[in-house]
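For reference, the chains in residue letters:
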Amino acid sequence: MRKVYVEVVAKHTVEGKTIPLSITYHDHVYQVDKVLDSRLGVSLLVGGVGMKYTIRVLGKTTYLFEEEGKWFVEAKLPK
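The following paragraphs examine the structure supplied in this document. Not measured: the values here are computed from a predicted model.

## Thoughts on the sheet that holds strand 1 (residues 2–12)
On the basis of which strands lie adjacent, the open sheet formed by 7 strands has the order 3-2-1-7-6-5-4 and antiparallel pairing. Either end of the sheet is taken by a strand with one partner, and the two such strands are strand 3 (28–31) and strand 4 (34–42). For this sheet, the mean inter-axis angle between neighbouring strands, taken without regard to orientation, is 35°. When strand 1 meets strand 7 (residues 70–75), the two strands line up antiparallel, connected through 5 bridges. Bridged to K3 within strand 7 is E74.

Okay, structure coming up:
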């Protein structure tokens, strides 16, 4: 696994919450179907500490991280 930085479009509420709406990964835009959870967390697979979002994209659950203003996902290394 490796850390891959992605572009994220997010909504910022008046309550101070950040809600990711879409992710651009390898020139493809993926809509976030649903945010299932958000909390401070750690990426044990690729390293990093920040907000960890458990999200559903294309019917699959995955993780999105915001660390010091940058967004990343845990991506599998090419074979």
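## Some details on the side chain of T18
Tracing the chain through its elements places T18 in strand 2 (residues 18–25). A polar side-chain atom of T18 sits 3.2 Å from a polar atom in the side chain of H12. When residues no more than four places from it in sequence are discounted, the contact partners of T18 are A10, K11, H12, Y53 and W71.

## A short note on the pairing of strand 6 (residues 60–67)
Bridge analysis of strand 5 (residues 49–57) against strand 6 gives 7 bridges, and the strand direction is antiparallel. Among the inter-strand pairings, K52 is bridged to a residue of strand 6, identified as F65. Between the end of strand 5 and the start of strand 6, which pair antiparallel, lie 2 residues, with L58 showing a positive phi angle near 55°. Bridge count for strand 6 against strand 7 is 3 bridges, and the pairing is antiparallel. Its bridge partner lying in strand 7, F65 is registered against F72. Hairpin geometry of strand 6 and strand 7 is characterised by an intervening segment of 2 residues between the two adjacent antiparallel strands and by a positive phi of about 55° at E68.

Cut-offs applied
- Residues numbered from 1 in each chain as written.
- Predicted model: local features only at pLDDT ≥ 70, side-chain atom pairs only at ≥ 80, totals over all residues.
- Heavy atoms only, no water.
- Pairing = 2+ DSSP bridges.
- Helix = DSSP H or I, 4+ residues; strand = E, 2+ residues; numbered from the N terminus.
- Axes fitted to C-alpha atoms, helices over the stretch in contact; angles between N-to-C directions.
- Polar contact = N/O pair within 3.5 Å; in protein donor to acceptor, adjacent residues only side chain to side chain.
- Contact = heavy atoms within 4.5 Å.

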